[in-house]
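Given next are the chains, with one letter for each unit.
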Amino acid sequence: RLRSLINKTSESPSHELAAMQCIPPHPYIISLQDTVYDAENIYGIMDFMSGGEMYDLIQPEPDRVERPLNEIDARIYFKQLLIGLKHCHSYGIAHRDMSLENVMCSNIPGQCKIIDFGKFFFSISFFISHIVYFCVHLTLCRRSSVTPP
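No experiment lies behind these values; they were computed from the predicted model shown. (Residues numbered from 1 in each chain as written. Predicted model: local features only at pLDDT ≥ 70, side-chain atom pairs only at ≥ 80, totals over all residues. Heavy atoms only, no water.)

1. So, the overall build of the chain
Which entries qualify depends on this criterion: Secondary structure elements follow DSSP: runs of H or I of four or more residues count as helices, runs of E of two or more count as strands, with numbering from the N terminus. The classification of residues rests on relative accessible area computed with a 1.4 Å probe and restricted to protein chains. Under 20% of the type maximum is buried, over 50% is exposed, and intermediate values are partly exposed. Areas reported here follow the Shrake-Rupley algorithm with a probe of radius 1.4 Å; residue values treat only the protein chains shown as occluding.
Of the regular secondary structure elements, the chain holds five helices and seven strands. When each of the 149 residues of the chain is scored for burial, the buried share is 28%. Accessible surface for the chain amounts to roughly 10600 Å². Of this, 62% is attributable to carbon and sulfur atoms.

Set out below in C-alpha cells:
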C-alpha cells in the first residue's frame, strides 16, 4: 500500500511531459515546444526563462544593496501566478507542488511562468463532466435538427 502511495506522489519526467501536453498554451505557464527521445532518455524542449527561479529573486544575496522585490512587483507576479493556476484548474489539472523554485522569471521585469508539473493531478470528475456535457449537447442538437417546424 505504501509503495502505491509513493508512486502517486513522486515526480516522473514522463508524467510531467504528459501534463504539459494536456495544458493548452498560456502566457504564465511554461510551454512544451517539442520532445526528443533517444535510447535511454526523453528530453522536453521548453521555453527559455533567463531570469532564474523566483526563489533567487526573493532571497536576498549578501552583496545585494537594493531590496530583492518590492510590493508592486510582488503583486504583478502574484496575479500572474493566480491567472496561470486558474488556467490549469479550468482544464482539471492541479499542480500540487507550487513553490518559489517552481516559478521561473524572465529578464523582462514582471514576467513569470509556472514550471514543474511532475506531481500534477488530473481531475477525473472534470473529464467526466465534459463528456456528459458533450453527449447531452449532441443529443439535444440532433433532436432539434429533426423536429418539424
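Let us keep going from here.
2. Some details on the state of the cysteines
Where we set the bar: Two cysteine sulfurs form a disulfide in these notes if their separation is within 2.5 Å.
What the rule picks out here adds up to zero disulfides. Cysteine Cys105 remains unbridged, with the sulfur of Cys112 as its closest cysteine sulfur at 5.8 Å. For Cys112, a relative accessible area of 0% corresponds to the buried category.

3. As for the pattern of salt bridges
Threshold: By definition here, a salt bridge exists when the distance from a side-chain nitrogen of Lys or Arg to a carboxyl oxygen of Asp or Glu is within 4 Å.
Following the criterion strictly, the structure yields two salt bridges and no others. For Lys113, the salt bridge identified is with Asp47, shortest N-O distance 2.9 Å. A residue pair is termed long-range when its members are at least 10 positions apart, and Lys113 in strand β6 (residues 112–114) and Asp47 in the loop between β2 (42–46) and β3 (52–53) qualify at 66 residues. A salt bridge links Arg75 to Glu71; its shortest N-O distance comes to 2.7 Å. On the criterion of helical spacing, the pair formed by Arg75 and Glu71 is a turn pair, its members being four residues apart in helix α4 (residues 71–90). Judged on exposure class, the residue Arg75 and its partner Glu71 are both exposed.

4. What about the sheet that holds strand β5 (residues 103–105)?
Quick note on the threshold: Strands are treated as partners if at least two bridges between them are detected by DSSP. By definition in these notes, contact holds between two residues if any of their heavy atoms fall within 4.5 Å. Axes here mean lines fitted to C-alpha atoms, for a helix over just the part in contact, with angles spanning 0 to 180 degrees between N-to-C directions.
Reading across from one edge, β3-β5-β6 is the order of the three strands in this open sheet, with antiparallel pairing throughout. Every other strand in the sheet has two partners, leaving β3 and β6 as the edge strands with one partner each. Taken together, the three bridges between β5 and β6 define a ladder with antiparallel strand orientation. Bridge pairing in β6 places Val103 opposite Ile114. α4 contacts β5 and β6 of the sheet and is inclined by roughly 35° relative to β6.

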